[in-house]
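Residue strings, one per chain:
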Amino acid sequence: MAGSIYGRLFQISTWGESHGKGIGVVIDGCPAGLSLSEEDIQVYLDRRKPGQSQFTTGRKESDMAQIWSGVFEGRTTGTPISILVQNQDQRSRDYGNIMNTYRPGHADYTFDEKYGFRDYRGGGRSSGRETTARVAAGAVAAKILKELGIEVHAYTKAIGPVSVPENEYHPEEVFQNPIYMPSNAYAQKASAYLEECIKNQDSSGGIIECVITGMPVGIGDTVFEKLDANLAKAMLSIGAVKGFEIGDGFKAADTKGSINNDSFHTKDGRITKDTNHAGGVLGGMSDGSKIIFRAAVKPTPSISQPQSTVTKDGENTEMIIKGRHDPVIVPRAVVVVESMAAITILDLLFTNMSARMDKLKSFYGTDVVVLF
């Protein structure tokens, strides 16, 4: 099965299944000398792990990161970094009834059609648990970016119909509520909506917004390797993400060029924009302003309501999905979006560095030579 490797110069390879012995990632391309500990990675994994609130699955996983290679005396060696997270609370018996029955909204049917064989325990590789490995790698990428003054922050913009207006954003409140919304007041409204979904044995979708600051100008390319195109691929590689937009996104279709265009001006000797309808990307390249994009996350497909489906033999039937499932994926996916964005940005920085070393040195300072 191909498709488990992402990136070119900062490359990750994830492995493992939802109900296997563990989940892991091998990171290739991390520079030597970076201070890195298991605690650095754990901070990110703790944001993704289950059991954080009534809105996440009851599966009990500590998700403890173990660094197996690539770090010596607290610093990266420049060789592949291998990170393992052991599975501890699998209940494969919950999936016995779907061995020969396809769950609506899952990859069961497509897996069988393509391979003629599948791991039915929680979806195997198609399970959201695979994102544990991405988050571990994202923690490393984010630490390198922070050394360069680039920061990636994601949060929940909307849960179902409850959306935080931009004029109500309070970034300091993101970690003060279990939904990771930049507004405690709207988080309470979203919680009430989710409680109603749970009562009706249903689930909800939502929107995750991500902001990247500190980017130099010109990262990305103009045709097939556009910065925004790479971010879109990264987001849509997350199983639950069904939509991507950057800047004004789909709203741009309902406006005019005189409004949508971002005017330029010079301030303190630097070229800046008056607005940011483009979301920080022009012609596939970063323009120096904040990169702002959103990912639309579908409702959790595993719900307790009876659903119509078919068996492996094509017989019509009805099923009730058992097991422990999130009524909403969004809160735990926030750090997944953040991680994939960090990995993508770092890989593009490394890819662009040879053509832009002089510019990057002037932007970051001479330390860029040591890092790169």
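Residues numbered from 1 in each chain as written. Predicted model: local features only at pLDDT ≥ 70, side-chain atom pairs only at ≥ 80, totals over all residues. Heavy atoms only, no water.

Visitor: Is there a simple way to think about the overall build of the chain in this case?
Guide: When helices and strands are tallied, the chain shows 9 helices and 18 strands. Expressed as a percentage of the 372 residues in the chain, the buried residues total 49%. When the accessible surface of the chain is totalled, it reaches about 17,800 Å², and 52% of it is carbon and sulfur. (Helix = DSSP H or I, 4+ residues; strand = E, 2+ residues; numbered from the N terminus. Buried < 20%, exposed > 50% of the residue type's maximum accessible area, 1.4 Å probe, protein only. Areas by Shrake-Rupley, 256 points an atom, 1.4 Å probe, with all protein chains shown as cover.)

Visitor: Help me understand the nonpolar core in this model?
Guide: It is characteristic of soluble globular proteins that their nonpolar side chains tend to be buried jointly. Formed by 81 residues in total, the largest nonpolar core has its most connected members in Phe10, Ile83, Val140, Ile212, Met235 and Phe293. If you tally residues by element for this core, the top one is helix H7 (residues 330-352), at 15 residues. Setting aside anything within four residues of it in sequence, one finds Val140 in contact with Phe10, Ile27, Cys30, Leu34, Leu36, Ile41 and Ile83. (Core = buried A, V, L, I, M, F, W, Y, C linked by side-chain atoms within 4.5 Å. Contact = heavy atoms within 4.5 Å.)

Visitor: Explanation requested: unusual backbone geometry in the structure shown.
Guide: Note: most peptide bonds trans; most residues except glycine with negative phi. The phi torsion at Tyr180 lies on the positive side, around 60 degrees, for a residue other than glycine. The class for Tyr180 is buried, based on a relative accessible area of 10%. Positive phi outside glycine occurs at Asp268, with the angle close to 55 degrees. In this fold, Asp268 is placed in the loop between strand S12 (264-267) and strand S13 (270-273).

Visitor: Before we go on, may I ask you to explain the side chain of Lys273 in this structure?
Guide: Among the secondary structure elements, Lys273 is positioned in strand S13. Residue classification places Lys273 among the buried residues on the basis of a relative accessible area of 13%. Polar contacts involving the side chain of Lys273 include one to the side chain of Asn276, which spans 2.8 Å. Within the local environment of Lys273, its side chain forms a polar contact with the side chain of Asp287, the two groups lying 2.6 Å apart. Look past the residues within four positions of Lys273 in its chain and what remains in contact with it is Asp262, Ser263, Phe264, His265, Ala278, Gly280, Asp287 and Ser289. (Polar contact = N/O pair within 3.5 Å; in protein donor to acceptor, adjacent residues only side chain to side chain.)

Visitor: How should the sheet that holds strand S7 (residues 81-86) be read in this particular structure?
Guide: Where strands meet in a sheet, backbone hydrogen bonds hold them as pairs that are either parallel or antiparallel. One open sheet holds the 5 strands; their spatial order is S1-S2-S3-S7-S4, and the pairing between them is antiparallel. The sheet terminates laterally at strand S1 (5-6) and strand S4 (65-69), the two strands that pair on one side only. Note that strand S2 (residues 11-16) and strand S3 (residues 22-28) share 6 bridges and pair antiparallel. By the bridge assignment for S3, Gly16 is matched with Ile23. (Pairing = 2+ DSSP bridges.)

Visitor: Which parts of the structure should I look at to understand H7?
Guide: Each α-helix turn comprises 3.6 residues. Residues three or four places apart therefore point the same way. The end-to-end C-alpha distance of H7, which contains 23 residues, comes to 32 Å, matching closely the 33 Å that a straight helix rising 1.5 Å per residue would cover. Of all 23 residues in H7, 22 are buried, a share of seventy percent or more. (Expected span 1.5 Å × (residues − 1).)

Visitor: Explanation requested: the pattern of salt bridges in the structure shown.
Guide: A side chain with one charge can pair with a side chain of the opposite charge if their charged atoms come near. Scanning all chains against the criterion turns up 16 salt bridges. One salt bridge in this structure joins Arg47 and Glu338, with 3.0 Å as the shortest N-O distance. Note that Arg47 is positioned in helix H1 (residues 38-48) and Glu338 in helix H7, a separation of 291 residues in sequence. Across the pair, Glu338 and Arg47 agree in class, each one buried. Between Arg48 and Asp63 there is a salt bridge, with the nearest N and O atoms lying 3.6 Å from each other. (Salt bridge = Lys/Arg side-chain N within 4 Å of Asp/Glu carboxyl O.)

Visitor: For this particular structure, what's the right way to read the sheet that holds strand S11 (residues 241-246)?
Guide: Strand order across the open sheet formed by 5 strands is S9-S8-S10-S16-S11, with antiparallel pairing between neighbours. Every interior strand has two partners, whereas the edge strands, strand S9 (162-163) and S11, have only one. Packing against the sheet, H7 makes contact with strand S8 (151-159), strand S10 (206-213) and strand S16 (291-297), and its axis sits at approximately 145 degrees to S8. (Axes fitted to C-alpha atoms, helices over the stretch in contact; angles between N-to-C directions.)

Visitor: Sorry if this is basic, but what is going on with the packing of aromatic side chains here?
Guide: Any aromatic ring pair is given by two values, namely how distant the centres are and how the planes are angled relative to each other. A full pass over the atoms with the stated rule returns 6 aromatic pairs. With a centroid separation of 5.6 Å and an interplanar angle of 40 degrees, the aromatic rings of Phe111 and Tyr115 are classed as tilted. Separated by 4 residues within a single helix, Phe111 and Tyr115 lie in helix H2 (residues 108-115), roughly one turn from each other. Plain terms: the ring middles of Phe244 and Phe293 are 5.5 Å apart, the flat faces sit at 35 degrees to each other, and that makes the pair tilted. With Phe244 in strand S11 and Phe293 in strand S16, the pair connects residues that are 49 residues apart, well separated along the chain. Judged on exposure class, the residue Phe244 and its partner Phe293 are both buried. Looking at Arg47, its charged tip hangs above the ring of Tyr44, at a distance of 5.6 Å from the centre. The aromatic ring of Tyr186 is capped on one face by Lys189, whose charged end is 4.3 Å from the ring centroid. (Phe/Tyr/Trp six-rings, centres within 6.5 Å; stacked < 30°, edge-to-face > 60°. Lys NZ or Arg CZ within 6 Å of the ring centre and 35° of its normal.)

Visitor: Help me understand a nonpolar patch on the surface, please; the structure alone is not making it clear to me.
Guide: Judged by side-chain polarity, Phe264, Ile271 and Leu282 come together as a nonpolar surface patch covering roughly 330 Å² of accessible area. With respect to the helices, strands and loops of the structure, Leu282 is situated in strand S14 (residues 281-282). The exposure class assigned to Leu282 is partly exposed, which follows from its relative accessible area of 35%. (Patch = residues over 30% accessible without salt bridge, like charges linked within 9 Å, V, L, I, M, F, W, Y side chains within 5 Å.)

So yeah, pure geometry; function would need other evidence.
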